[in-house]
Amino acid sequence: MRLSRYEKFLDIVFPRACIGCGFPGWGVCSKCRELKLWRVPAQQCHVCGGESRVGLCHRDCQLLSSLDGVLVSSNYSPLAKEIMKQLKFEGYSMFARDIAGVMWDRMGEQLLALNASLVYVPSSKKTRRVRGFNQAEKICKYLSRFSDLEVEKLLAKKSGGQSQIGKTVQDRYINTRGSFEILQCQQPGSVILIDDIM
C-alpha cells in the first residue's frame, strides 16, 4: 500500500511502531498482518454457518436474509481486537488504512468481480461526535483508494437506537432492525456494504 504525502510526513515527524511487534513502521507491519491477523479458513454462509466458497448465502438460506452474502477478511484475533480498540475507542483513525489493506489484499479480486459501489454502515450522530469519525466510512474510503470502486453515501442511522457495545450477537441483530434509512431515491444496482466487525 502506498502512503499519502500527509501520512509520510506524519511518519517522519511522529515515527510509529507496529502495534503487533514494535517494529518501526506505520500501523501493522506485513509480518504481523500475515501471522497475527488470522485468515478465515473458509468463507461461510452468514445464515447457517456452513461453508460457502465465495461467502454467498446458500440458496436454502436466502429467504432468511436480505444480504446476498458476507465476506470476512480476518478472524477476530487478539491483534484484530487491539486494532479495533485503538481505532474505535482511542481515536487512532490511521488503523482504518490497515484494515482496508487487509480487506484488499485478501478479497480484492472478489470485490472487483462484483462491480458494485461501496457503501459504509453509518454511525449515530452521537457516536460520530464522540469519536470524531465513523470507522466504517474511513475503511470504505481507503478501500476505494485501493480499488477505484466508488463510495456511495446511501444509508443514515436513525436517532434513538441503543449502543451495540456489550450486546450478544442476537441482541445486536435485534437492536439494528429498523435503525437505518435509505437516503437516495435512485439506488445503485449492486452495493458492497462495508463494516468493521461482523
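Rules behind the numbers
Residues numbered from 1 in each chain as written. Predicted model: local features only at pLDDT ≥ 70, side-chain atom pairs only at ≥ 80, totals over all residues. Heavy atoms only, no water. Helix = DSSP H or I, 4+ residues; strand = E, 2+ residues; numbered from the N terminus. Buried < 20%, exposed > 50% of the residue type's maximum accessible area, 1.4 Å probe, protein only. Areas by Shrake-Rupley, 256 points an atom, 1.4 Å probe, with all protein chains shown as cover. Salt bridge = Lys/Arg side-chain N within 4 Å of Asp/Glu carboxyl O. Pairing = 2+ DSSP bridges. Contact = heavy atoms within 4.5 Å. 1 Å grid on protein atoms, 1.4 Å probe; cavity = no way out; pocket = protein on both sides within 12 Å on 5 of 7 lines; lining within 4 Å. Points joined across faces, edges and corners; volume = space filled by probe spheres on them. Nonpolar A, V, L, I, M, F, W, Y, C, P; charged D, E, K, R; others polar.

A. Here's a closer look at the overall build of the protein. Of the regular secondary structure elements, the protein holds 7 helices and 5 strands. Ordering the α and β elements of the protein from the N terminus gives α-α-α-α-β-α-α-β-β-α-β-β. For the protein, the residues scored as buried account for 38% of the 198 residues in total. Surface accessibility of the protein: about 12800 Å² in total, with carbon and sulfur atoms responsible for 52%.

B. Just the pattern of salt bridges, in detail. Scanning the entire structure with this criterion turns up 6 salt bridges. Taking the shortest distance from any N to any O, the salt bridge between Arg33 and Asp98 comes out at 3.4 Å. Taken together, the residues span a long stretch of sequence, with Arg33 in helix 2 (residues 30-35) and Asp98 in helix 4 (residues 95-114) at a distance of 65 residues. Residue classification places Arg33 among the buried residues on the basis of a relative accessible area of 12%. Accessibility expressed as a relative area gives 2% for Asp98, which makes it buried. Three or more residues joined by partner-sharing salt bridges are found here, namely Arg33, Asp98 and Asp105.

C. Region of interest: the sheet that holds strand 1 (residues 117-120). Taken together, the 3 strands give an open sheet; going across it, the order is 2-1-5, and neighbouring strands pair in parallel fashion. Of all the strands in the sheet, just strand 2 (151-152) and strand 5 (191-194) have a single pairing partner and so form its edges.

D. How the structure looks around the environment of Ala100. Along the chain, Ala100 turns up in helix 4. Along the sequence, Ala100 and Ala136 sit 36 residues apart, while their C-alpha atoms lie 9.7 Å from each other. Non-local contacts of Ala100, meaning those with residues more than four positions away in its chain, are made with Ile139, Tyr142, Leu143 and Phe146.

E. Looking closely at the pairing of strand 1. Residues Ser117 and Val119 line one face of strand 1 and the alternating positions Leu118 and Tyr120 line the opposite face, and both faces are buried. The pairing of strand 1 with strand 5 spans 4 bridges and is parallel. Looking across to strand 5, one finds that Val119 is bridged to Leu193.

F. View of the layout of surface pockets. In this structure, the second largest pocket spans a volume of roughly 290 Å³. Forming the boundary of the second largest pocket are 16 residues, of which Pro122, Ser123, Lys125, Ala156 and Lys157 lie nearest the centre. Elements with a contribution of two residues or more to the lining of the second largest pocket: helix 5 (125-131) and strand 3 (155-157). Tallied by class, the residues present in the lining of the second largest pocket amount to 5 nonpolar, 4 polar and 7 charged.

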